[in-house]
Amino acid sequence: MQKWRCTVCDYVYDPAEGDIGNGIEPGTHFEELPDEWVCPICGDGKDLFVQV
């Protein structure tokens, strides 16, 4: 699974870990995140993430 990095704050979304604090279960691919999901650190949207 590919990781994705926020270009604003450098938070890395790791699909293996998910985003439990925001209800995203481990194993959820970045493409499967809801459109309204935002970076848990800076609050910016998925459109500001790049694959790493």
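Scroll up for the structure.
Quick caveat: nothing in here was measured; it's all calculated off a predicted structure.

*Asks:* Please explain the overall build of the protein as it appears in this structure.
*Replies:* Helices and strands together make up the secondary structure of the protein, namely zero helices and three strands. Written out in order from the N terminus, the α and β elements of the protein read β-β-β. The C-alpha atoms of the protein give a radius of gyration of 10 Å, which matches the 10 Å a tight globule of 52 residues would have. For the protein, the spread of C-alpha atoms along the three principal axes comes to 25 × 20 × 15 Å. With 52 residues in all, the protein has 33% of them scored as buried.

*Asks:* Would you mind going over the side chain of aspartate 14 with me for this structure?
*Replies:* Positionally, aspartate 14 belongs in the loop between strand E2 (12–13) and strand E3 (49–51). Side-chain polar atoms of aspartate 14 contact the backbone nitrogen of alanine 16, separated by 3.0 Å.

*Asks:* Just checking my understanding: could you explain the sheet that holds E2 for this structure?
*Replies:* What the three strands build is an open sheet, ordered E2-E1-E3; its pairing is antiparallel. Looking along the sheet, the strands with just one partner apiece sit at the ends: E2 and E3. The pairing of strand E1 (residues 4–6) with E2 spans two bridges and is classified as antiparallel. Across the sheet, tryptophan 4 pairs through a bridge with tyrosine 13, a residue of E2.

*Asks:* For this particular structure, what's the right way to read the packing of aromatic side chains?
*Replies:* Aromatic rings considered in pairs are described by the distance between their centres and by the relative angle of their planes. Under the definition given, this model contains seven aromatic pairs. Measuring from ring centre to ring centre gives 6.4 Å for tyrosine 11 and phenylalanine 49, while their planes differ by 85 degrees; the resulting arrangement is edge-to-face. Of this pair, tyrosine 11 sits in the loop between E1 and E2 while phenylalanine 49 sits in strand E3; the two residues are 38 residues apart in sequence, bridging distant segments of the chain. For the pair tyrosine 11 and phenylalanine 49, a shared accessibility class is recorded, and that class is buried. Seen from their ring centres, phenylalanine 30 and tryptophan 37 are 6.3 Å apart, and the 85 degrees between their planes marks the pair as edge-to-face. Grouping aromatic residues by their ring pairs yields a cluster made of Trp4, Tyr11, Tyr13, Phe30, Trp37 and Phe49.

Criteria and thresholds
Residues numbered from 1 in each chain as written. Predicted model: local features only at pLDDT ≥ 70, side-chain atom pairs only at ≥ 80, totals over all residues. Heavy atoms only, no water. Helix = DSSP H or I, 4+ residues; strand = E, 2+ residues; numbered from the N terminus. Rg over C-alpha atoms; globule rule 2.2 N^0.38 Å. Buried < 20%, exposed > 50% of the residue type's maximum accessible area, 1.4 Å probe, protein only. Polar contact = N/O pair within 3.5 Å; in protein donor to acceptor, adjacent residues only side chain to side chain. Pairing = 2+ DSSP bridges. Phe/Tyr/Trp six-rings, centres within 6.5 Å; stacked < 30°, edge-to-face > 60°.

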